[in-house]
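Read off the chains here:
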Amino acid sequence: MDEEPERAKRWEGGYERTWEVLKEDESGSLKATVEDILFQAKRKRVFEGHGQVRLGMMRHLFVIIDSSRSMEDQDLKPNRLTSTLKLMEFFVEEYFDQNPISQIGIITTKNKRAEKLTDLAGNPKKHLAALKKVVDSTCVGEPSLYNSLNVAMQTLKHMPAHTSKEILVIFSSLTTCDPANIYELIKTLNALKIRVSVIGLSAEVRVCTILTRETGGSYNVILDESHFKELLMLHVKPPPASSSSECSLIRMGFPQHVIASMSDQDAKPSFSMSHLDSTGEPGLTLGGYYCPQCRAKYTELPVECKVCGLTLVSAPHLARSFHHLFPLEAFQETPLEEYEGERFCEACQGELKDKSVFTCLACKKVFCVECDLFIHDTLHCCPGCMQTDRTS
Amino acid sequence: FRLNIDGLLVCFPYDYIYPEQYSYMLELKRTLDAKGHGVLEMPSGTGKTISLLSLIVAYQKAYPLEVTKLIYCSRTVPEIEKVVEELKKLMDYYTKQTEAKNDFLALALSSRKNLCIHPEILHANIVVYSYNYLLDPKIADLVSKELAKKSVVVFDEAHNIDNVCIDSMSVNITRRTLDRCQTNVETLQNTISRIKETDAAKLQEEYRRLVEGLTEANVARETDMYLSNPVLPDEILQEAVPGSIRTAEHFVGFMKRFLEYLKARLRIHHVVQESTPQFLKDIYEKVCIDRKPLRFCAERLRSLLRTLEIADIADFSAITLISHFATLVSTYNKGFTIIIEPFEDRTPTIANPVLHFSCMDPSIAIKPVFGRFQSVIITSGTLSPLDIYPRILDFRPVTVASFTMTLARTCLCPLIVGRGNDQVAMTSKFETREDFAVIRNYGNLLLEMSAIVPDGIVAFFTSYIYMENIVASWYEQGILENIQRNKLIFIETQDAAETSMALMLNKNKISCKRLFISFSFQPPVHHYGRAVIVFGVPYVYTQSRILKARLEYLRDQFQIRENDFLTFDAMRHAAQCVGRAIRGKTDYGLMIFADKRYARADKRGKLPRWIQEHLTDGSLNLTIDETVQLGKHFLRQMAQPFRQEDQLGLSLLTLEQLQSEDMLQKIAQIAQA
């Protein structure tokens, strides 16, 4: 994903955009461009994350991927489905990276039916494999929002109350074929405290607006591929837990990784417990993680122990989800005219050209917009502060 | 909050105000100060109603002697209900602010079942009702004639006011009307003979009254108490009812003769068009009916009905209609025409004779309103071009202004599609409208749009017949089937009531999915939808004789060229249709004009300013593909989250922002005369 952002490629966006942009420049200060509003929203997101809120760290998320006829549209390259699946793979990895104790499941819908691709599980490998398989499938018929929500709901409703129950719909079609009144279903979802968010690939559809508004989710429509990715990444961050959800302590195991070298005579190759139900992969390995409770062996973490049901995580995993709880303080925004000092960004060393500059409150270092976003979205720590920490 | 509008303190019941509302109120205030009439255009969804109400109420409170009453006329019952809703909010706010008992009385008259003719109306400070109460001479007489002179009259949604005026003064007589009238006359005759036996004194009393003449009414008018009724011309009042129709039997006999004459006139095989003097001459020669008794017909009939104490007036609608016709035809020499058609143009084999007594001059009906009330405000979302209304309604406004919509984002997207992908020009021009390629291109446009527009699309056709033709041909070409894969299709019927009924029944289906296309040919009774497509320029049927006569009249009397008027009429219709795409500032919608003729300056220039503003050179004469591209882009942009804060300071103002210097300067630019 290190290619330059899609929005920069004007030739791909279609010829109509060139004068669109010009027009917006000419129309003066009265009309703020949509891009401006978007930028404000982006900043706002950074701030929003900074309240002292309880987050639903243990997430159960169902992703519903529309694979109806409209997914063959080629406005995302090479087509909507391929593009979506590619981003989904990235999303799944990122999701488990940031939410080690959460689970994900994937549902596809086409031809008026909903099909469960993978069940709720905490292991990215299975999901990634399943996603790869879908690429070749054809997109036919209409999606069914009702059916797919219903499938997700059937599983989610049995999840314990302290977990965060979420559904993310990637919806490309403008229509849905529902066997029953969807508003009833929305009520049920609301009662079960299942949060439904939608990412629309074509335009704002009213039923989705209502669905997300009622269940407390978010509804966004993509502008292009890079925006799509941005929107998808928003869902990586755990949402604030609803105040009514109960608290409970969860037992977790921190298994140690035992490395056995080939030269070690005592080491015997053995199967991992997670290979029990997956076929085809080579099973015998030497080392692994052993459950502290029952000594079952696993090759990767995080996982739920098949034998005793203990959640097995590694300490770095847990630490990584820490920054959600203690995020980096927002930088102070000052207009460029008012800023006096050297005009280069502390992080990228580039010249400060944007409307405003951002100052870290702790180390007083200055950053540009892009770096500000990068620091808050990805790094989660201020490079300026790190440097001063080390030198002092 | 409280606003200072040019020295007047106005209570505004919302926390925020749109800049154009402020500007609108300024203009309104100016109009009231000058005690003159005004024509104001402001886009729908920008809070016209509340601006009007809050300013005029404040004005009433500040200068109770200058303005005593607000008469607010709107078109339909739902619109009236909306006004009442806003009014309630305003009143609540007033009570909260002043904590004093509210002494304002507001009254709404909507449908017949809510009709109120209680004298209470005389004391109400605000009266909200339908146009007809003021314009239709038959109803105006009952309800509105005692309204004080120092009232402010507001015609909301007044883009069609000339047609309302004309309709209220026109009479159509079919054979059926005459038949029913015949029965009416017989009933009258029977009742009279019965009463004669039982209560002859009553008839005697009426006779005496009629000899004295309508002096009573005359006195009233001279003392300026009543709104003059255009049906009842001044001359009548000075005279007594002529002897030939004074007694009840004579009058009934007179009506019978008149009726027979009309029946004879309807028995024709070719179209006859004549002026009112011609008609009067003919009737004098044939059945010796003089002009004078004809004039008194309406009054005489009313008096008779009152005397006979007939409760159910509705039964006598036919004879009332005829009597109105008699009075009108003998009163006005100019501005009316009589057309007798033996059959409809569409069905030349079926005899269905109709006598159209058609008013061609809307100013006749509205003249007493302009003459009597000190301020008359005509306002709507679409009144462009503004100068034409004063001309056809024959009045001199003190303020003429059009307001634009200040927007934080460009939430409307007008596009003019001129060509299909095969480069064939798209137009509903008469010569090419049946062209296969044009119809196919129209179909393709709708098909492509149905694939990218979420929720509903409303498609307008120039006429019902054209819609039937096109839809039939789409069906044959399989286009309809393809469209149905994307959306439900809903086809409106010619009957507005039936349509709204059907919509109600399917509401669950529609609001659930909101995926449908509505085919329509008149401004909609509903507004679901993210896109409005107007297929062709909605010119009226120019072959109609009534229209031809009216165009001629306009040319001779007002120096308005036929073409100018036709274009004006077509464009206001189109603007009215697309105007429904947007309900407010947070809403958004595509407006697609599918005819290459829209791109011409004479058509484009007649669109309201708030639509024209967004019509750039890049959105003219597009192909279907380009339209789809632009539409897709627009819909995605608009789907981005949009919060109130984004609007604040740009298109939504708090009190402090409103008072800032440069905002006031900006506001000054909003209004444009």
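For clarity, every value in this text was computed on a predicted model and none was experimentally measured.

Within chain A one finds 12 helices and 17 strands. Scored against the burial criterion, the 392 residues of chain A give a buried share of 47%. Taken as a whole, chain A presents about 19,900 Å² of accessible surface, with 53% of it coming from carbon and sulfur.

Take the sheet that holds strand β8 (residues 257–258) of chain A next. To summarise the sheet geometry, strands pair through backbone hydrogen bonds and adopt either a parallel or an antiparallel arrangement. Residues and elements named next belong to chain A. Across the sheet, three strands lie side by side as β8-β11-β12; this open sheet has antiparallel pairing. Every interior strand has two partners, whereas the edge strands, β8 and β12 (297–298), have only one. Sheet topology places β8 next to strand β11 (residues 288–290); two bridges connect them, and they run antiparallel. If you follow Val 258 over to β11, its bridge partner there is Gly 288.

Listed under "zinc finger region: C4-type" (unreviewed entry) in the UniProt record, and renumbered for this structure, are residues 291–308 of chain A. A distance of 9 Å separates the end C-alpha atoms of residues 291–308 of chain A, which is 0% helix and 22% strand.

Okay, unusual backbone geometry next. Residues and elements named next belong to chain A. For Arg 295, which is not glycine, the phi dihedral falls at a positive 65°. In this structure, Arg 295 sits in the loop between β11 and β12. Residue classification places Arg 295 among the exposed positions, given a relative accessible area of 57%. Not every positive phi belongs to a glycine, and Lys 364 is a case in point at roughly 60°. Locating Lys 364 in the fold gives a position in the loop between β16 (356–359) and β17 (366–367).

Moving on to the UniProt feature "domain: VWFA" (unreviewed entry) in chain A. When the UniProt feature table is mapped onto this chain, "domain: VWFA" (unreviewed entry) is found at residues 60–202 of chain A. As annotated, residues 60–202 of chain A comprises 36% helix and 27% strand, and the C-alpha atoms at either end are separated by 27 Å.

Taken as a whole and judged by the stated rule, the model has 27 salt bridges over all chains. Here Arg 80 of chain A and Asp 73 of chain A are joined by a salt bridge, their closest N and O atoms 3.7 Å apart. Residue classification places Arg 80 of chain A among the buried positions, given a relative accessible area of 2%. Accessibility expressed as a relative area gives 27% for Asp 73 of chain A, which makes it partly exposed. With a shortest N-O distance of 3.9 Å, Lys 132 of chain A and Glu 89 of chain A are connected by a salt bridge. One end of the pair, Lys 132 of chain A, is in helix α5 (residues 124–134); the other, Glu 89 of chain A, is in helix α4 (residues 80–98), and 43 residues separate them in sequence. Here Glu 89 of chain A falls in the buried class, since its relative accessible area comes to 19%. One salt-bridge network, held together by shared partners, links Asp 73, Asp 75 and Arg 80 of chain A together with Lys 632 and Arg 636 of chain B.

Residue and element names in this part refer to chain A. The strand order β3-β2-β1-β4-β5-β6 describes an open sheet built from six strands, whose pairing is mixed. Looking at which strands have only one partner, the edges of the open sheet turn out to be β3 (113–121) and β6 (219–221). Across the sheet, the mean angle separating the axes of adjacent strands is 15° when strand polarity is ignored. Packing of α5 onto the sheet brings it into contact with β1 (59–66), β2 (103–110) and β3, and relative to β3 it is tilted by some 155°.

Below, the discussion takes up the domain arrangement of chain B. Residue and element names in this part refer to chain B. You can read the domains of chain B as domain 1 (2–158 + 374–402), domain 2 (169–225 + 232–361) and domain 3 (412–642). Listed by partner, the interface residues are 13 residues for domain 2 and nine residues for domain 3. Taking both sides of the interface into account, the surface hidden between domain 2 and domain 3 amounts to around 1,000 Å²; carbon and sulfur atoms contribute 58%. Summed over the shared surface of domain 2 and domain 3, the number is one salt bridge. Our count for the contact surface shared by domain 2 and domain 3 stands at two residue pairs in polar contact (both at pLDDT 80 or more). For the side of domain 2 that touches domain 3, the elements supplying multiple residues, two or more each, are β10 (336–341) and β11 (354–359). Element by element, the count of residues in the side of domain 2 that touches domain 3 is highest for β10, at three residues. Its residues assigned to classes, the side of domain 2 that touches domain 3 shows three nonpolar, five polar and five charged.

Note on strand geometry: in a regular strand, side chains alternate between the two faces of the sheet. Residues and elements named next belong to chain B. Counted residue by residue, β11 has six buried out of six residues, so it is predominantly covered. Burial of the side chains of β11 extends over both faces: Val 354, His 356 and Ser 358 are buried on one face and Leu 355, Phe 357 and Cys 359 on the other. The pairing of strand β8 (residues 171–174) with β11 spans four bridges and is antiparallel. Along β11, the bridge assignment pairs Thr 174 with Val 354. Both β10 and β11 contribute to a ladder of six bridges, which runs antiparallel. Of the residues in β11, the one forming a bridge with Ile 338 is Phe 357.

The next thing to look at is the nonpolar core. Counting 97 residues, the largest nonpolar core has Leu 149 and Ile 167 of chain A together with Met 449, Trp 474 and Phe 535 of chain B as the members making the most contacts within it. Of all the elements, helix α17 (residues 436–452) of chain B adds the most residues to this core, at eight residues. Beyond its immediate chain neighbours, meaning those up to four positions away, Ile 167 of chain A contacts Leu 61, Phe 62, Ile 64, Leu 149, Ala 152, Leu 156, Leu 189, Ile 194, Arg 195, Val 196 and Ser 197 of chain A. Judged by nonpolar contacts, the second largest core, of 92 residues, contains Tyr 129, Leu 178, Leu 393 and Ala 549 of chain B.

We now examine the confidence of the model for chain A. The predicted coordinates ought not to be read in detail in places where the model reports low pLDDT. Residue and element names in this part refer to chain A. Looking at chain A as a whole, its pLDDT mean stands at 77, while 78% of the residues score no less than 70. Element-level pLDDT for chain A is lowest in helix α2 (residues 16–26), with a mean of 42, against a maximum mean of 92 in strand β5 (residues 195–200). Overall, residues 1–32 carries pLDDT values under 50, and its contacts beyond four positions in sequence, including any with other chains, amount to 37 contacts.

Turning our eyes to something else, we now look at the state of the cysteines. On inspection of all chains with the given rule, the structure shows zero disulfides over all chains. The thiol of Cys 308 of chain A is not disulfide-bonded; the next cysteine sulfur, from Cys 305 of chain A, is found 3.5 Å away.

Take the environment of Ile 107 of chain A next. Residue and element names in this part refer to chain A. Within the element layout of this structure, Ile 107 appears in strand β2. In sequence terms Ile 107 and Ser 67 are 40 residues apart; their C-alpha atoms lie 9.9 Å from each other. If we skip the residues at most four places from it in the chain, Ile 107 touches Phe 62, Val 63, Ile 64, Ile 65, Ala 114, Glu 115, Lys 116, Leu 117, Ser 148, Val 151 and Ala 152.

Each value, and the rule that gives it
- Residues numbered from 1 in each chain as written.
- Chains lettered and ligands numbered in written order.
- Predicted model: local features only at pLDDT ≥ 70, side-chain atom pairs only at ≥ 80, totals over all residues.
- Heavy atoms only, no water.
- Helix = DSSP H or I, 4+ residues; strand = E, 2+ residues; numbered from the N terminus.
- Buried < 20%, exposed > 50% of the residue type's maximum accessible area, 1.4 Å probe, protein only.
- Areas by Shrake-Rupley, 256 points an atom, 1.4 Å probe, with all protein chains shown as cover.
- Pairing = 2+ DSSP bridges.
- UniProt positions renumbered as here; feature names shortened; annotations may be inferred.
- Salt bridge = Lys/Arg side-chain N within 4 Å of Asp/Glu carboxyl O.
- Axes fitted to C-alpha atoms, helices over the stretch in contact; angles between N-to-C directions.
- Contact = heavy atoms within 4.5 Å.
- Domains from an automatic or database assignment.
- Buried area = accessible area lost by both parts, 1.4 Å probe.
- Polar contact = N/O pair within 3.5 Å; in protein donor to acceptor, adjacent residues only side chain to side chain.
- Nonpolar A, V, L, I, M, F, W, Y, C, P; charged D, E, K, R; others polar.
- Core = buried A, V, L, I, M, F, W, Y, C linked by side-chain atoms within 4.5 Å.
- pLDDT = per-residue confidence, 0-100.
- Disulfide = S-S within 2.5 Å.

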